[in-house]
Each structure stands twice: as C-alpha cells, then as structure tokens.
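# Architecture at a glance
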Amino acid sequence: MKTRADQIIPLPENVIDMSVVHRSWNGVRLDVISAHCSGRVAHHLCYETQTRVGALLEEVGSPCEPRFRENEKCKVPYSPKHMYFAPAGLEIWGYSEDMKFIRDAMITFHLGSVTEHLEHNIRQGDVTIPRLRFADDSLWTLIKLLSDAVHDDDPSSQLYGDGLTSAIVARLIANPTTKLKASAGLAPWQLRRVLDYLHEHLPARIELAILAKLTGLSQSHFSQAFRVSTGMAPYRWQIDARIRHAQQLLLTTSATLEQVAETTGFADAVHLGRTFRRHIGVTPIAWRRDRLS
C-alpha cells in the first residue's frame, strides 16, 4: 500500500515538505507523518478504502481539524490530543488556517483481518459511525507509544507493538470474545510451553500471535494472563531474558561488547549499553568490572 506521501503528489499548497514512516503489527498498519508548512493547508488524508483512526501528535501554528469535506468546517470544538475515526469508504480532509509543523499518526486496518488476528468481536455500531475530534487519553497514549516504536528495530519491539495494536483495537472498536478474570494467570502447562518457546527462540523477533496460539487464548487475554503469571509483559520478559543472557556472557567469557550485543540480538554495543543501563542501572563495562574485580 502506498504511503500518504506517495499519494499526495504534488504536495498540497503551502506544504513545504512531508515525510512518512510506516510499520505493521498484527495486520494493523501505522503511518507517522511529519510536515513543514507555511500557511493555509487543506488536503485529503487518503486511505479512504480502509477503516482508520488518526491521532494528532504535535502541531505548531493554528489548530488543525479533520473535515468530511474540504470546505466544510468541523463542527466539533477543538481539544488537544484529538483524534478522528473513519469507516472504510469515507473521505477525510485535514485543514489548518496557518500551519507551521504537524506530526500525526494514522492507523489503518481491515475489519476481517483484525477479527482473524486479534480474535475480537467487533462492535458493529462503532465501525460505521465516523467521529471527528474525539478525545480519549488512554487511546491517544497507546497510539503515541506505538508511534514512538515505529523506528525501533530491536527484536522485542515486535511483541511490544503487537501488544499495543491489540490494546488499541480493543479500546477503539472491539469487545473480547471471552472474559478473563483480572487475577487469572496462565495454567502451569501454558506458562511452561510459552517460556520454553521464548527460550528456544531467543533473541529472535517473536510475534504475540504465536505465543497466544500456544496457549489457546486470544492475544489480549494471553498478554493479561502472562503478566499475572510472570509480573511483566511478554516484550518486557524477552528484554529481561536477553539482558540476563548478556550478563552471563559478560561474567563467564571474554567476549567484547560487540560480540555480546550480536549474540543477544542488540544492534551494536551502543544499543546494548543503553538498554543494559536502563534496566540494570549501570553500563555493561561497569557491571562486568565490579563483578570480576
């Protein structure tokens, strides 16, 4: 599928430049769009053949607004961190009287794919009614977190993004197919099967759908039950396991930081050092020195 930047050629009037990065998790696609502008901007937001939700992440200049038609003003009052929801088949326009910079996120998906991948029942009324400038702090935060992860090539970002997309869809348009008590964790056989799989495939990229399938649960229910059983989200467990493996290599071998990083799935020594310090509190070099001195 072409990006918005590909579809908007030439650029709309007063748009100086536009860039877009995109990534998919769980059959849900995220586009993060940044644009520098110099005045009045009105342009088609594209992707009208798909169900989508857009979130305003940052704006400099006069407030921007989503519209059903280019010259039809949005009737919903402005609010920070506003979003819009559009069912497939409906055009949406973006407008600002005097925009300087904007950064927004657009999530697109097919309802059939969402049902198949995430095993949610769709609230039919919610997928046919468009919403302009609606506010939902929790949903906006989930989209912002997903947008921040779009550049992250770390293997654990797969589980992280899978979990976020499942939560976004559940909050936006879906009801889980079954109910899970908040205190219910995985059964011993489920936890053993999942942990064995995680250990066997470290440090590779792993999809949440695979782990959920091992337990016979939906992704959202699996994530909740896994957190109850282990005290952490699946992506956090994977990072923790990779850090523990790095600690073992640092303590029992003479491997360089670059070698340890390669073995444990980090992009390089810098990436390893940054993640190690964030989770352990010290750099890998300092940690190794303190324990070998």
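Details of the structure are given in the entry above.
With that out of the way, let us pick up the environment of A225. Among the structural elements, A225 can be located in helix α7 (residues 219–230). Each C-alpha atom, one on A225 and one on E262, is 31 Å from the other, the two residues being 37 residues apart in sequence.

All right, on to the pairing of strand β2 (residues 28–44) then. The element β2 is extensively covered by neighbouring structure, given that 13 of its 17 residues are classed as buried. Of the pairings in the sheet, the one linking strand β1 (residues 15–25) to β2 comprises ten bridges and is antiparallel in character. Considered in β2, the bridge of W25 is made with V28. Connecting β1 to the antiparallel partner β2 that follows it, the hairpin turn spans two residues, and N26 within it adopts a positive phi of roughly 60°. In this structure, β2 lies alongside strand β6 (residues 93–109), joined through 13 bridges in antiparallel fashion. Of the residues in β6, the one forming a bridge with D31 is M106.

The biggest cluster of nonpolar side chains holds 27 residues, and the ones touching the most others in it are L30, I107, F109, I143 and L172. Only β2, β3 (51–61), β5 (83–86), β6, α2 (111–118), α3 (137–148) and α4 (156–172) provide two or more residues apiece to this core. Looking at this core, the element that brings in the most residues is α3, giving five residues. If sequence neighbours within four positions are ignored, I143 has contacts with V53, A55, M83, A105, I107 and I168. In this structure, I33, A35, Y84 and I92 belong to the second largest nonpolar core, which totals 19 residues.

Bringing the packing of aromatic side chains into the picture now. This model, assessed by the stated rule, comprises three aromatic pairs. When the ring of F276 is compared with that of W287, the centres are 6.1 Å apart and the planes differ by 70°; the resulting orientation is edge-to-face. With F276 in helix α10 (residues 269–280) and W287 in helix α11 (residues 284–292), the pair connects residues that are eleven residues apart, well separated along the chain. Above the plane of the ring of Y95 lies R67, whose end atom (NZ or CZ) is 3.7 Å from the centre.

Below, the discussion takes up the state of the cysteines. Counted under the stated rule, the structure contains zero disulfides. Here C64 is not disulfide-linked; the sulfur of C37 is the nearest cysteine sulfur, at 9.6 Å. Unpaired in this structure, C74 has its nearest cysteine sulfur neighbour in C64, at a distance of 10 Å. By relative accessible area, which is 8% here, C74 ends up buried.

Thresholds applied
- Residues numbered from 1 in each chain as written.
- Predicted model: local features only at pLDDT ≥ 70, side-chain atom pairs only at ≥ 80, totals over all residues.
- Heavy atoms only, no water.
- Helix = DSSP H or I, 4+ residues; strand = E, 2+ residues; numbered from the N terminus.
- Buried < 20%, exposed > 50% of the residue type's maximum accessible area, 1.4 Å probe, protein only.
- Pairing = 2+ DSSP bridges.
- Core = buried A, V, L, I, M, F, W, Y, C linked by side-chain atoms within 4.5 Å.
- Contact = heavy atoms within 4.5 Å.
- Phe/Tyr/Trp six-rings, centres within 6.5 Å; stacked < 30°, edge-to-face > 60°.
- Lys NZ or Arg CZ within 6 Å of the ring centre and 35° of its normal.
- Disulfide = S-S within 2.5 Å.

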